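Overview (structure and organization)
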Amino acid sequence: MPLSEQEQRLLEEMERSLYRNDADFVATVGGRRGRPNYRSVVLGVLLGVAGVGALIAGVATQLLFIGIIGFALMFTGVLLAISPSRKVSVEELSDLADGQRPARSSGSAGFMDRMNQRWDRRQEDRD
């Protein structure tokens, strides 16, 4: 049964409030995941296929080390293909709560600069 417009607005307001007030909790519980990294998925699938081929070759030639290498390649490929993508940071969650599109972080900002920016934003929110 679909929600009424009032229920949808109330649900969206509650979600924004949760992101705004409990962004740290949302980030630790799971929050939203970023886009999948297709490069790692493709590389993982290729490694998995190569691993299966090496495993079959190891069994066919009865060489144990080729089979072990094939299994290791296959296992690594599967892990790489299913590894989770980058999670959304707490700052991006608070931006989502404000209705803004999350900004890409530049690699030039240092750790302390980012911490200072977060501190400034928190102080502005309290005022």
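These remarks concern the structure in this document. Remember, it's a predicted structure, so these values are computed and weren't measured experimentally. (Residues numbered from 1 in each chain as written. Predicted model: local features only at pLDDT ≥ 70, side-chain atom pairs only at ≥ 80, totals over all residues. Heavy atoms only, no water.)

A short note on the overall build of the protein
Looking only at helices and strands, the protein features six helices and zero strands. Counting only residues that meet the buried cut, the protein has 16% of its 127 residues in that class. A separation of at least 24 residues holds for 65% of the contacts in the protein among residues at least 6 apart in sequence. With the model as given, the accessible surface of the protein reaches about 10200 Å², and the carbon-plus-sulfur share is 60%. (Helix = DSSP H or I, 4+ residues; strand = E, 2+ residues; numbered from the N terminus. Buried < 20%, exposed > 50% of the residue type's maximum accessible area, 1.4 Å probe, protein only. Contact = heavy atoms within 4.5 Å. Areas by Shrake-Rupley, 256 points an atom, 1.4 Å probe, with all protein chains shown as cover.)

Looking at unusual backbone geometry
For Gln62, which is not a glycine, the phi torsion comes out positive at approximately 55°. Taking relative accessible area as the criterion, Gln62 reaches 71% and is therefore assigned exposed.

A look at the side chain of Ser40
Residue placement: Ser40 occurs in helix α3 (residues 38–61). Under the relative-accessibility criterion, Ser40 is labelled buried at 13%. At 2.8 Å, the side chain of Ser40 and the backbone oxygen of Asn37 are in polar contact. With residues up to four places along the chain from it excluded, the contact list for Ser40 reads Leu80 and Ala81. (Polar contact = N/O pair within 3.5 Å; in protein donor to acceptor, adjacent residues only side chain to side chain.)

Overview of the environment of Ala81
Along the chain, the position of Ala81 falls in helix α4 (residues 64–82). On a C-alpha basis, the gap between Ala81 and Leu47 in space is 9.2 Å, while along the polypeptide they are 34 residues apart. Among residues more than four places away in sequence, those in contact with Ala81 are Ser40, Val41, Gly44 and Val45.

Observations concerning the environment of Ile69
Tracing the sequence through the fold places Ile69 in helix α4. Taking the C-alpha atoms as reference points, Ile69 and Gly51, separated by 18 residues in sequence, lie 7.4 Å from one another.

Some points on α4
In this model α4 runs 27 Å from its N-terminal to its C-terminal C-alpha over 19 residues, within 8% of the 27 Å that 1.5 Å per residue would give. Within α4, the full set of buried residues consists of Gly67, Gly70, Met74 and Gly77. Buried positions in α4, seen along its axis, are confined to an arc of 90° and lie on one side of it. In α4, those exposed residues whose orientation departs by more than 90 degrees from the buried face are Leu64, Phe65 and Ile68. Contacts from the buried residues of α4 go to α3. (Expected span 1.5 Å × (residues − 1). Arc of directions from axis to C-beta.)

Overview of α3
In this model, α3 (24 residues) spans 34 Å end to end at C-alpha, consistent with the 34 Å of a helix rising 1.5 Å per residue. Those residues of α3 lying buried are Ser40, Gly44, Gly48, Gly51, Ala54 and Gly58. Backbone geometry just after α3 places Gln62 at a positive phi near 55°.

Brief notes about a nonpolar patch on the surface
Among the surface-exposed residues, Phe71, Phe75, Val78, Leu79 and Ile82 lie close enough to one another that they form a single nonpolar patch of about 510 Å² accessible area. Counting through the fold element by element, Leu79 comes out in helix α4. (Patch = residues over 30% accessible without salt bridge, like charges linked within 9 Å, V, L, I, M, F, W, Y side chains within 5 Å. Salt bridge = Lys/Arg side-chain N within 4 Å of Asp/Glu carboxyl O.)

Observations concerning the packing of α3 against α4
At their nearest, the axes of α3 and α4 sit 7 Å apart, and the two run at 160° to each other. Classed by the angle they form, the pair α3 and α4 counts as roughly antiparallel. Judged by the twist between their axes, the crossing of α3 over α4 is left-handed. Among the residues forming the contact of α3 with α4, the class breakdown is 15 nonpolar, ten polar and no charged. (Axes fitted to C-alpha atoms, helices over the stretch in contact; angles between N-to-C directions. Parallel < 35°, antiparallel > 145°, perpendicular 65-115°, else oblique. Left-handed = near helix turned anticlockwise from the far one by under 90°. Nonpolar A, V, L, I, M, F, W, Y, C, P; charged D, E, K, R; others polar.)

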